[in-house]
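Spelled out from the first residue to the last, the chains are:
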Amino acid sequence: MDLNYFYTFKEVVRWGSYTRTGEALGYAQSSVTTQIKKLEQHYRVRLFERAGGRMRLTQSGEELYYYVGKILALTEEAEEKLSKESNLRGTLRIGTVESLAAYFITPYIKQVKEKHPELKILLEAGLCPNLTEGTLEGKFDISIILDRYREHHELTTIPIREERLVMVSAADHRLQAMDEMDLKELSEETVILTEEGCPYRVLLEQLLQKEGVQPKSVISFSSLEAIKQCVADNLGIAILPEIAVKNEIGSGKVVELPFHHEQAKLYTQIIYQKKKWLSPPLNQLIGLLKRDQHNQ
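None of these values were measured; they are calculated from a predicted model. (Residues numbered from 1 in each chain as written. Predicted model: local features only at pLDDT ≥ 70, side-chain atom pairs only at ≥ 80, totals over all residues. Heavy atoms only, no water.)

K.L.:
Summarise the layout of surface pockets; cite the residues concerned and give the values.
P.N.:
Here the largest pocket defines a volume of roughly 1600 Å³. Lining the largest pocket are 45 residues, and of these Lys10, Gly69, Arg93, Gly138 and Lys139 sit closest to its centre. Listing elements by their share of the lining of the largest pocket, those giving two or more residues are α1 (3-15), α4 (59-81), β3 (91-96), β4 (120-125) and α7 (128-137). Here the element with the most residues in the lining of the largest pocket is α4; it accounts for ten residues. As a volume, the second largest pocket reaches approximately 180 Å³. Forming the walls of the second largest pocket are 14 residues, and the residues nearest its centre are Glu98, Gly126, Leu127, Glu195 and Tyr200. Of all the secondary structure elements, the ones that give two or more residues to the lining of the second largest pocket are α5 (98-103) and α8 (199-211). Residues of the lining of the second largest pocket, tallied by class, amount to eight nonpolar, four polar and two charged. (1 Å grid on protein atoms, 1.4 Å probe; cavity = no way out; pocket = protein on both sides within 12 Å on 5 of 7 lines; lining within 4 Å. Points joined across faces, edges and corners; volume = space filled by probe spheres on them. Helix = DSSP H or I, 4+ residues; strand = E, 2+ residues; numbered from the N terminus. Nonpolar A, V, L, I, M, F, W, Y, C, P; charged D, E, K, R; others polar.)

Shown next as structure tokens:
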């Protein structure tokens, strides 16, 4: 079986379209169709069905997708092991959360890329539970998450740094004049939350539940930038990692409220499979991140 068929298969899953896959790979649509048909003929199953204008995997397609991921990962691992340690080719798949992607890890990824310019680096943002699951499934070689410290029997977990959470509001908000803010004050406020499953949303919801506090209203966004803009426009209060809102606090666009709670902190952590072979670029990235740990 030609490995290129597997790469094409993965791209069709990604784009949900033979046409878009052809554009992404530089193939004619007919070439993509032919490769998928050859896979279907080889395995004697139907791999895709059309649903809502997109190509969706059948049950057999789902099963093949699982094995194709393992096959391609092993192929790339073999290439890395047999290559020289400088300027390695291959792909490094990194999962992380939006706040760390935007405000923390990019300088380290840049250093790895400078040493290995032909290395393909795929960076994908998501929620911590999904990143953990993706790491366990082999979707990511490594994930850098922001969560409470957690251990898993199948994962190596390396805490890098403690991240303080801050509660922020518009510059003219009434609560900024307080010496110390109590969570009960949120019963009169609109709270702006990140999407469900986000660790700092979960933490705040648990603190509010423990105190028996119900905010006056809740707004939810998946985008940090949207949340910060809504806070600046005095549409509500939000709790965010300090690294994600540090510039806005410094410029006066938003202000940090006098809220202090011993549980209002999370940890930036590296996670990867315990059985994972660490390629030189992956080892380099982990080393750079651990160096940050020692500099704290």
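K.L.:
Go over the packing of helix α2 (residues 18-25) against helix α3 (residues 29-43), please, and point to the residues and values.
P.N.:
Packed helices, taken two at a time, are described by the angle between their axes plus the distance between the axes. Relative to each other, α2 and α3 sit at 110°, their axes nearing to 8 Å. When the axes of α2 and α3 are compared, the pair comes out roughly perpendicular. For the pair formed by α2 and α3, the contact residues are Tyr18, Thr19, Thr21 and Gly22 on the first element and Gln29, Val32, Thr33 and Ile36 on the second. Residues of the contact of α2 with α3, tallied by class, amount to three nonpolar, five polar and no charged. (Axes fitted to C-alpha atoms, helices over the stretch in contact; angles between N-to-C directions. Parallel < 35°, antiparallel > 145°, perpendicular 65-115°, else oblique. Contact = heavy atoms within 4.5 Å.)

Note that every value here comes from positions in space, so none of it alone points to a role or purpose.
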